[in-house]
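# Topology and contacts: notes
Here is what each chain is made of, one letter per residue.
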Amino acid sequence: GEVVRIRLVDVTTTPLLTLDHDEQLLALSVAGPVHAVAVSDAACGQIRFHDPDGALISLPAPAVASCDVPRRPAFGSLALSPDGTQLAYTVVTYRDDGIEATTEVVVRDLATGTDMVRRVVGQDGERIASLGYDGARVVFLRQTRSGGAPATELVELGGGGRSVALPLPPGAVTSSV
């Protein structure tokens, strides 16, 4: 498949990047000239970086620690800091039946490849989606497989690591790519 950029002014499209035949786009985040992409593949997925023309950029991408359930993506959501120097991403582990067991949010310094923060944010059966990162806090959508209402949560990553639930208005419709 191909990911395209659409200019809303004149509705012209240009290719952004091409996915291999066995890959699916999970998440995309852009900050300046850096495009971070999370994809699933025949193994457990990967995160990679591209420039605005779609060429690969050599930045220290995280590696999959283990691949216990093939074809289940080890990475979920991702978000670049506004200045493009840090990447927040989720690492997902699965139960034997393929349902999410835990989800951690990790923040990586892209200059050094060092993981600066690692924190569990999702529990058994929860999917963490639509990650946002401002360089100090992450915000995400928490979805449950039990049919409970989705919820948004803001987590401060420094100091005490305070977590705040952000209520959704009644009848709010949520979705994630």
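That block above? That's the structure.
Residues numbered from 1 in each chain as written. Predicted model: local features only at pLDDT ≥ 70, side-chain atom pairs only at ≥ 80, totals over all residues. Heavy atoms only, no water.

## A few points about the overall build of the protein
Put simply, the rule reads: By the criteria applied, helices consist of DSSP H or I runs no shorter than four residues and strands consist of E runs no shorter than two, each listed in order from the N terminus. Exposure categories follow from relative accessible area, calculated using a 1.4 Å probe and restricted to protein chains: below 20% of the type maximum is buried, above 50% is exposed, and the middle band is partly exposed. For this analysis, residues touch if any pair of their heavy atoms sits within 4.5 Å. Computed with the Shrake-Rupley method and a 1.4 Å probe, the accessible areas treat only the protein chains shown as cover for residues.
Helix and strand counts for the protein stand at zero helices and 13 strands. When the elements of the protein are put in sequence order from the N terminus, they spell out β-β-β-β-β-β-β-β-β-β-β-β-β. Looking at the protein as a whole, 41% of its 177 residues qualify as buried. Here the analysis covers contacts within the protein between residues at least 6 apart in sequence; of these, 35% occur between residues at least 24 apart. A total accessible area of about 9,400 Å² is found for the protein, and carbon and sulfur atoms account for 55% of it.

## A word on the nonpolar core
Rule in force here: The set of buried Ala, Val, Leu, Ile, Met, Phe, Trp, Tyr and Cys residues whose side-chain atoms join them within 4.5 Å is what this entry labels a nonpolar core.
Within the largest apolar cluster, 15 residues are counted, with the highest numbers of intra-cluster contacts made by Ala-36, Ile-47, Phe-49, Leu-78, Leu-80, Leu-87 and Tyr-89. When neighbours within four sequence positions are excluded, Ile-47 is seen to be in contact with Val-37, Ala-38, Ala-61, Pro-62, Phe-75, Leu-78, Leu-87 and Tyr-89. Core analysis: the next-biggest nonpolar cluster, separate from the first, contains 12 residues, Val-105, Leu-131, Tyr-133 and Phe-140 among them.

## Observations concerning the environment of Arg-5
Following the sequence through the fold, Arg-5 ends up in strand E1 (residues 2-6). Take Arg-5: its relative accessible area is 33%, and that puts it in the partly exposed class. Sequence spacing of Arg-5 and Leu-17 is 12 residues, and the spatial spacing of their C-alpha atoms is 9.1 Å. Those residues in contact with Arg-5 that sit more than four places away from it in its chain are Thr-12, Thr-13, Thr-14, Leu-16, His-35 and Pro-52.

By themselves, these figures tell us nothing about what the structure is for.
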